[in-house]
Amino acid sequence: MAELVDHPCVQHKLAIIRDVDTGHKRFRELSTEITKFICYEALKNVRTKNVTVQTPVAEAKCRKIDTDLVVVPILRAGVGMLDGILELVPTARVGFVGLYRDEISKNPVTYYERFPPQIRGGTCIIIDPMLATGGSTVAAIDLLKENGANNIVVVCIVTCPEGIELVEATHPDVAVYAAAIDDHLNENKYIVPGLGDAGDRLYGTSH
Ligand code: PRP
Ligand code: URA
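Residue numbers here run from 1 along each chain, matching the order of that chain's written sequence. Whichever chain is written first becomes A and whichever ligand is written first becomes 1, with later ones labelled in order. Note on the predicted model: pLDDT of at least 70 is required for a residue's local features to be given, and 80 or more for side-chain atom pairs to be given and counted; whole-chain, interface and lining totals, by contrast, use all residues. Just so you know, side-chain values use all the structure's heavy atoms and leave hydrogens and water out.

Student: Residue-level account of the site of ligand 2, with values.
Tutor: Each residue is tested against the molecule or strand, and it is near if at least one of its non-hydrogen atoms lies within 4 Å. Neighbouring ligand 2 are R101, M130, A132, K189, Y190, I191, G196, D197 and A198. We define a polar contact as two N or O atoms separated by no more than 3.5 Å, with the added condition that, inside protein, one atom must be a possible hydrogen donor and the other a possible acceptor, whereas residues neighbouring each other in sequence contribute only through side-chain atom pairs. Separating an oxygen atom of ligand 2 from a backbone N or O atom of I191 is a distance of 2.8 Å. Between A198 and ligand 2, the recorded distance is 2.9 Å, taken from a backbone N or O atom to an oxygen atom. Method for areas: the Shrake-Rupley scheme with a 1.4 Å probe, in which residue coverage is limited to the protein chains shown. Protein chains bury 88% of the 240 Å² of accessible surface belonging to ligand 2 in isolation. Three classes are used: nonpolar for Ala, Val, Leu, Ile, Met, Phe, Trp, Tyr, Cys and Pro, charged for Asp, Glu, Lys and Arg, and polar for all others, with Gly counted as polar. In the shell around ligand 2, the residues fall into 5 nonpolar, 1 polar and 3 charged.

Structure below.
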């Protein structure tokens, strides 16, 4: 399942982050701002429990989140989304997956993994701005499941039909939330129109 977050505030920021003239400082700020909105949507079905709170006037029936939240950025570009989701859920724990796409094969290569134990029984939110072929996201989901996670959502900024289809085919239980579902992948497996290389744009490392 893929859900597009089509709110005008998100789409306005998306237009600016896509712009080739947007520099890395603004790109980072926008990544944080957009992530907060998408994660707000992605967490709409998270488990809650009923609580009673004493206001200055009377008792109020309220709800509080009733699951351990574990945010899992895919290094490197996913780190650019971390501040955004932590502004929304500051007590979330953070795990890391280090993956890069091999420049020739475009297949993901794993170089780091570190998860808190709360991935078992909690809700894991994978963050990565680009879900292109889907290889990196599927590898991250595989790793989380191998380590005991069974409740996973994916939050990206831009994706495309090829990536969504791969996640749906391999992990039909995992929902994907995105600000854009673009047209296609080019011959270098970049999303078109996309926003280019997210890691390079975030960290100012493009040549
Ligand atoms: C980018 C992006 C995703 C991956 C998406 O990372 O941040 O992790 O590519 O591509 P896929 O869906 O085809 O796997 P990259 O490999 O460029 O590494 P980086 O974040 O370190 O720049
Ligand atoms: N990784 C990126 O950073 N951008 C793409 O378009 C595809 C993969």
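Student: Explain the layout of surface pockets to me, and be specific about the residues and the numbers.
Tutor: Estimated volume of the largest pocket: approximately 800 Å³. The wall of the largest pocket is formed by 31 residues, among which Y100, R101, Y190, D197 and G199 lie closest to the centre. For the lining of the largest pocket, a count of residues per class yields 12 nonpolar, 10 polar and 9 charged. For each structure, a 1 Å grid was placed over the protein atoms alone; sets of points admitting a 1.4 Å probe that cannot get out are labelled cavities, open sets with protein on both sides within 12 Å along at least five of seven lines are labelled pockets, and lining residues have an atom within 4 Å of a point. Grid points are joined across faces, edges and corners, and a volume is the space filled by probe spheres set on the points.

Student: Can you lay out the pattern of salt bridges for me, pointing to particular residues and giving the numbers?
Tutor: One side chain can pair with another of opposite charge once the charged atoms of both are near each other. Salt bridge, as used here, is a side-chain nitrogen of Lys or Arg placed within 4 Å of a carboxyl oxygen of Asp or Glu. The final tally for this structure, using the stated rule, is 11 salt bridges. For the salt bridge of R18 with D182, the shortest nitrogen-to-oxygen distance reads 2.8 Å. Residue R18 is located in helix 1 (residues 8-18), and its partner D182 is located in the loop between strand 13 (180-181) and strand 14 (184-185); the two are separated by 164 residues in the primary sequence. When the shortest N-O distance is used, the salt bridge between E41 and K44 registers 3.1 Å. When accessible area is computed with a 1.4 Å probe and restricted to protein chains, residues below 20% of their type maximum are described as buried, those above 50% as exposed, and intermediate ones as partly exposed. What makes K44 partly exposed here is its relative accessible area of 43%. What you see here is one network of salt bridges that share partners, running through K13, K25, R26, E29 and E33. Every helix listed is a DSSP run of H or I at least four residues long, and every strand listed is a run of E at least two residues long, numbered separately from the N terminus.

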